[in-house]
Amino acid sequence: MVSFFYSHLSAGAGGWSPLISDKYQWLEVDLGERTKITAVATQGRYGSSDWLTSYLLMFSDTGHNWKQYRQEDSIGSFPGNSNADSVVQYKLQQPAIARFLRLIPLDWNPSGRIGLRLETYGCPYTSDVVSLNGGSSSLVYRLSPGPWRTSKEVVSLKFKTLRNSGILLHAEGQQGVSLSLELERGKLQLLLRQGKTSPEPLRLASLGSLLDDQHWHHVVLEQKNAHLNLTVDKNTERVQLPAEFSRWLSLGAIHSLRSQKPDTSSKDLHGCIENLLYNGFNLIELAKNSDHQVTVRGNVTFSCAEPVSVALTFTGPQSFLQLPGTTASSPGGVSVGFQFRTWNKGGLLFTFSLPQQEGMVWLYLSDARLRLMIHISGLWPALFSGAALNDGQWHSVDFTARRGRLTISVDKGEGGIAHAAPSFPVTTESQLFFGGCPAEEHSEECRNLFETFQGCMRLLTVENQPVDLIKVQQRLLGNYSQLQIDMCGIIDRCSPSHCEHGGRCSQSWTVFHCNCSDTGYSGATCHSSVYEQSCEAYKHNGNTSGHFYIDVDGSGPIKPQLVYCNMTEETTWMVLLHNNTELTRVRPSPAVSQHSVHFDYSTQEEQLLAAISQSEHCEQELSYHCRKSRLLNTLEGSPFSWWLGGPGQGRVQTYWGGAHPGSQQCACGLQGDCVDLQHYCNCDADRLEWTEDSGLLTHKDTLPVRSLVLGDIQRPGSEAAYRVGPLRCHGDKNFWNAAFFDKETSYLHFPTFHGELSADISFLFKTTGSSGVFLENLGIKDFIRIELSSSTQVVFSFDVGNGPLEVRVESSVPLNDNRWHRVRAERNVKEASLRLDELPVATQEAPTDGHFHLQLNSQLFIGGTASRQKGFRGCIRSLQLNGVTLDLEERAKITPGVQPGCPGHCSSYGSLCQNHGRCVERASGFQCDCSLSAYAGVFCQTEVSASFKPGTSVSYTFKEPYELSRNRSALPSSIYSEMTLRAENISLSFRTNQSPALLLYVSSYYREYLAVLISKHDKLEVRYKLDSSRDAEVLRSSVRNVANGQLHTVTIKRLTDSVSVQIDENAREDFNLTSDGEFNAVKSLVLGRVHESDDLDPDLAKLASLGFTGCLSVVHFNTISPLKAALRHSDTSPVIITGPLVQSNCGSAASTNPYAAENTPHLSGKKGGASFANQIKTKMSLCVLRACVCVCVLLMGAAVCELHYGLIKFVHLVGATNDNVLDNIIN
């Protein structure tokens, strides 16, 4: 072992080579004084096969308490040489300031020995240091206004200490407000105190960890007005200060501005401070020169006295320390003391044998508590002490066994004490083992039944005598393995935390873990959102209307927000409420000429603006109901009223709903149909009758409406009411953004992707090719790539400096099926993951001690590579990188070989169209055509049901072609009066307590018929009369009790003379007819009461005259849906309705809870989440999401209200003479 050796690199002979080549050797360099080291270079031993292939670097100011240099805060090892002659230089990312350098070999040429020539590079380092030794020792600076006064105040310093608490800086402002920077449990806390009477300080920031390691730490405070940036080492936190502070600054103890006497109620700092600068001025130098602005109190010296404390680091499962036990001359018993710190909940602290009793003693951590176990012919009752001892803090342990009494104490008793009185002597003349046991099997002196300790120890004592750990290091005392001596290598992997979006970080000695519960995010670092980014995305997952959390920027910083997604229309609407969407009367206050109202939205500002920006279209209703209350005045005059809309507090807008920005008009002015053509708003006519100006605001730049100011409300006779509707948006510009790559050599390129620490990539693709690169970005050595490697496999590969890694997902079905497939890849400092469609996630853990910064510098290629090889042919859609969507369509418009957009969505989403609904392609997406289905809704999934009374009748006549949907361009199949049926396909659902009852009746011009009924025995019957000269054939089902008030579904199929009947999930029943199987000249189909019963058999005629009481739903006969035609298209279908027919949801299987199908995801624990959902439901109580009841007032033949989402929307009042009409509604 060599304690000091140094050699400049040269071509001459020489070099360091220890006698023994193992990992316990080191080369130490004393630079004579503290130096700023910027680089190191290594070379093998001249003319030999001796060189290092990897090594560690350690630095120290004193030759003790070494600190390992780490690259990127993670990588400990440096690459060495590949031969004896070449020089390998490594520039330190952050210069190291130290006097001593120690190089520890890790690996060397297996054909040679350890050999090294070393050179260091750097420059002199100067500093001013002050040492504060407690006892109210401090430096107090009175910083009066003067030439130092600047708009930006900056304080910077370095400090080191062995104590985990103490006051570093303290500043006092006006009215007793003070700000202090205090060390608490090894972390720096920025605390605000509101005067002496303030019970507890307000914590503004908390930074750093393990700052009591007796190493220098850099602190910077930058204050500009009320903003302050606190930087500890390389991490910065920004805070807001509530008040200005006077120029009063102290270090080491709190001082009162009035008395200027130390306040010793808080812990003083024991440690050193270096290079204290205030706006560039060296304050320690001022203190040395006895400047009048500086007061020195207590024990202060201008040098750094550093106590020597030798620590051990137990790095892994092979680590242990062996020390000799007590000697024969020692008093009977055992006494062991030490301090430890760790992140692990378990691990052996020390053990020894009891030779006389053939037993063992173990002191170990279990669930972060100290536990003592003794085994002597069976287990002796265990002792416990302490709690939460894996917090990374130093904890002291004292173990004493004397005169039949055994004691274990934690933190000098403050952490707990446990006593016992064993009946046997606890002594040891054997060896003591700390942390673990030697690797030799069947050791009688050391048997470890527990986990090996990973952590640090110091201040070891045996029989109250300190253990000289330097002698241990020199192999002069005891034995050890896999220990780092004279350093504590603990790392806080949670400071700074890599857990994103509020994920809670916990750690062990080697890894950290993120708890993502209640955050709305998932993954190893809580990076990826668990929510979709829009209502449009939820729709295409097959969801129906309901409340959903949407995360507009995916993994970005904007939090998820709860919105209502209305999917009942062809367009999917996102609805964002504010605090008043009701029609509200203006109630003027005395002496107030204007009425102002502010609207608070249920989402945060950044969420609101992002949702508007992402949507293709947004609108908000703005209406003003007036009687002798003017609105906007003339184009030349100043407006009486205005509103504020847009980002932030909004900008003043002087146009009204339905008009254009800046026009100072209402909708009627734009259309030229105002009640007074001399004005541009109806209300500006200033009439005594109620009128209104209403319309939609559709310019996204002016949305949402923030405030409303109404001016003409104080004149005698003036009355007004306003309504600002919810913000409604539809369309997701990102979801359908796509490009088609028609050549393997075509690609799109974008700027370099920046995902140094965490990166997520998601997109959809479809192709007929078997391979191709979706995405690639290169660096000098690093890269990231996602590709289709085969027709069934997607590969995510990358390199961050540790060598290429791959994550693969294999599909059991081909991926080149020209259907959309979703890819989600994520890479962070902990792992990489890849998910394909809904297949299980594949993961690849990152090295625990390796590079983790992804450094790219080339362009990002989409659909190909820089080499134009292995390009992708097909479509890529909705490509997002870290939540940001790349505009593929815009770039494709100017790129040869790539086309914007990608049609053909029905191949992937057509299965969402249910119940015979037909998928229809659209430019962006698809829609379900439900014209041939008995169902309705966006996916043809909504049952169409009606409640029937005894007098209700729905008669559908088979004659002329009919059109079920007004907007369809192609007509469905037609049934003519002269046609003959040889087959029927009938389905319907019913709910009734009536027995007997006629459910469905089909007649013909030839006195033939088909009837579906419930018999008096509560069974289903199907009657066919296909020959007018013969009696009807009765097919009786064996299923009982169908008139029990429950919902039943019936399916009847006939093909010539074969008939099958199935009720609910019961077995299908088959029947055969004896007639010829032709149903001739079908005339009409009747649901409910049959009025023309001349052709019926007497018993059936009697039943038909009774009508039907109950519910009929989703009635389907071959290609027609008569009930749907009657309820939805009665004006265009050959339907005759008599009696009451009320549409309802009685045909829903969940009719006891009609809205059970609505999806309402819940983010438990999210502030405001549940209350917002209740608010939405309360606001929609007039229209419970689907079925709205609108009470209409008819005046002079004009309806004054119409159905509108969630609320009553007033349309137009013509010639209203009753002033109470509006009063009754808005009150």
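Residues numbered from 1 in each chain as written. Predicted model: local features only at pLDDT ≥ 70, side-chain atom pairs only at ≥ 80, totals over all residues. Heavy atoms only, no water.

An unreviewed UniProt entry annotates the protein chain as Contactin-associated protein-like 4 of Oreochromis niloticus. We quote the UniProt Subcellular location (unreviewed entry) comment for the protein chain here in full: "Membrane". Turning to the protein chain, the UniProt record has this under Sequence similarities (unreviewed entry): "Belongs to the neurexin family." (UniProt positions renumbered as here; feature names shortened; annotations may be inferred.)

A. Summary view of the overall build of the protein chain. When helices and strands are tallied, the protein chain shows 11 helices and 92 strands. Burial status across the protein chain gives 54% buried among its 1227 residues. Long-range pairs, those at least 24 residues apart, make up 68% of the contacts in the protein chain between residues at least 6 apart in sequence. Carbon and sulfur atoms form 49% of the exposed surface of the protein chain, whose accessible area is close to 53100 Å². (Helix = DSSP H or I, 4+ residues; strand = E, 2+ residues; numbered from the N terminus. Buried < 20%, exposed > 50% of the residue type's maximum accessible area, 1.4 Å probe, protein only. Contact = heavy atoms within 4.5 Å. Areas by Shrake-Rupley, 256 points an atom, 1.4 Å probe, with all protein chains shown as cover.)

B. Broad picture of the state of the cysteines. Overall, the coordinates contain 16 disulfides when judged by the stated rule. There is a disulfide in this structure between Cys618 and Cys729, and the S-S distance comes to 2.1 Å. Judged by the sign of its S-S torsion, about 110 degrees, the bond between Cys618 and Cys729 is right-handed. Here the residue Cys618 occupies a position in strand E48 (residues 615–627), and Cys729 occupies one in strand E54 (residues 727–732), the gap between them amounting to 111 residues. Per residue, the accessibility class of Cys618 equals that of Cys729, and both read buried. (Disulfide = S-S within 2.5 Å.)

C. Here's a closer look at the UniProt feature "domain: EGF-like" (unreviewed entry) in the protein chain. Mapped onto this numbering, the UniProt entry gives "domain: EGF-like" (unreviewed entry) at residues 490–527 and 903–941. The annotated region residues 490–527 carries 0% helix and 26% strand content, and the separation between its end C-alpha atoms amounts to 26 Å. A distance of 25 Å separates the end C-alpha atoms of residues 903–941, which is 10% helix and 26% strand.

D. Representation of the pattern of salt bridges within the structure. Applying the stated criterion across every chain yields a total of 38 salt bridges. The residue Arg185 makes a salt bridge to Asp391 at a minimum N-O spacing of 2.6 Å. Pair noted here: Arg185 is in the loop between strand E11 (177–184) and strand E12 (187–194) and Asp391 is in the loop between strand E30 (379–385) and strand E31 (395–402), with a separation of 206 residues, a long-range link. The shortest N-O distance in the salt bridge between Glu1021 and Arg1036 comes to 3.2 Å. One end of the pair, Glu1021, is in strand E77 (residues 1020–1025); the other, Arg1036, is in strand E78 (residues 1033–1036), with 15 residues separating them in the sequence. (Salt bridge = Lys/Arg side-chain N within 4 Å of Asp/Glu carboxyl O.)

E. Representation of the pairing of strand E71 (residues 945–948) within the structure. Where E71 and strand E84 (residues 1110–1117) come together, four bridges link them in antiparallel fashion. Paired with Ala946 across the bridge in E84 is Leu1112. (Pairing = 2+ DSSP bridges.)

F. Spatial organisation of helix H8 (residues 1098–1106). Turning to H8, its buried residues number three or more, namely Leu1100, Ala1101, Leu1103 and Ala1104. End-on, the buried residues of H8 take up no more than an arc of 165 degrees, which puts them together on one face. Structural note: H8 exposes Pro1098 and Lys1102 on the side pointing more than 90 degrees away from its buried face. In this structure, the buried side of H8 is in contact with strand E75 (997–1004), strand E76 (1009–1014) and E77. (Arc of directions from axis to C-beta.)

G. Inspection of the environment of Val1012 at higher detail. Mapped onto the elements, Val1012 comes out in strand E76. Note on Val1012: relative accessible area 1%, which makes it buried. As for Val1012 and Arg1023, which are separated by 11 residues in sequence, their C-alpha atoms are 6.5 Å apart. Apart from residues lying up to four places away in sequence, Val1012 is in contact with Leu998, Leu999, Leu1000, Leu1020, Glu1021 and Ile1052.

H. Just the confidence of the model for the protein chain, in detail. Averaged over every residue, the pLDDT of the protein chain is 84; residues scoring 70 or more account for 86%. Across residues 253–265 the pLDDT falls below 50, and counting only partners more than four positions away or on other chains, this stretch makes 35 contacts in the model. For residues 1151–1222, every residue scores under 50 in pLDDT, and the model assigns this stretch 121 contacts once sequence neighbours within four places are set aside. (pLDDT = per-residue confidence, 0-100.)

I. Quick peek at the side chain of His527. By the element assignment, His527 lies in the loop between strand E41 (521–522) and strand E42 (528–529). With a relative accessible area of 3%, His527 lands in the buried category. Side-chain polar atoms of His527 contact the side chain of Asp760, separated by 2.7 Å. (Polar contact = N/O pair within 3.5 Å; in protein donor to acceptor, adjacent residues only side chain to side chain.)

J. View of the sheet that holds strand E49 (residues 642–645). In spatial order, the strands read E47-E52-E49-E50; together these four strands make up an open sheet with antiparallel pairing. Pairing within the sheet leaves two strands with one partner each, and these edge strands are strand E47 (595–598) and strand E50 (651–653). Geometrically, the sheet is characterised by an average inter-axis angle of 20 degrees between neighbouring strands, direction not taken into account. Two elements, E47 and strand E52 (residues 705–710), share four bridges in a ladder whose sense is antiparallel. (Axes fitted to C-alpha atoms, helices over the stretch in contact; angles between N-to-C directions.)

K. Seen up close, the side chain of His730. Take His730: it is sitting in strand E54. The residues touching His730, leaving out its near neighbours within four places in the chain, are Thr571, Thr572, Trp573, Ser615, Glu616 and His617.

L. Molecular detail of the environment of Cys1146. You can see Cys1146 is positioned in the loop between strand E86 (1141–1144) and helix H10 (1169–1179). By relative accessible area, Cys1146 is classed as buried at 14%. Expressed as a C-alpha distance, the spacing of Cys1146 and Phe990, which sit 156 residues apart in the sequence, is 8.8 Å.

M. Fine view of the packing of aromatic side chains. This model, assessed by the stated rule, comprises 36 aromatic pairs. An angle of 15 degrees between the planes, with centres 3.8 Å apart, marks the rings of Tyr364 and Phe450 as stacked. Here Tyr364 is found in strand E28 (residues 359–366), whereas its partner Phe450 is found in the loop between strand E34 (431–434) and strand E35 (455–462), with 86 residues between them in sequence. Lying across the ring of Trp820, Arg877 places its NZ or CZ 4.7 Å from the centre. The ring of Phe750 has Arg891 sitting right over it, with the charged end atom 4.5 Å from the ring centre. (Phe/Tyr/Trp six-rings, centres within 6.5 Å; stacked < 30°, edge-to-face > 60°. Lys NZ or Arg CZ within 6 Å of the ring centre and 35° of its normal.)

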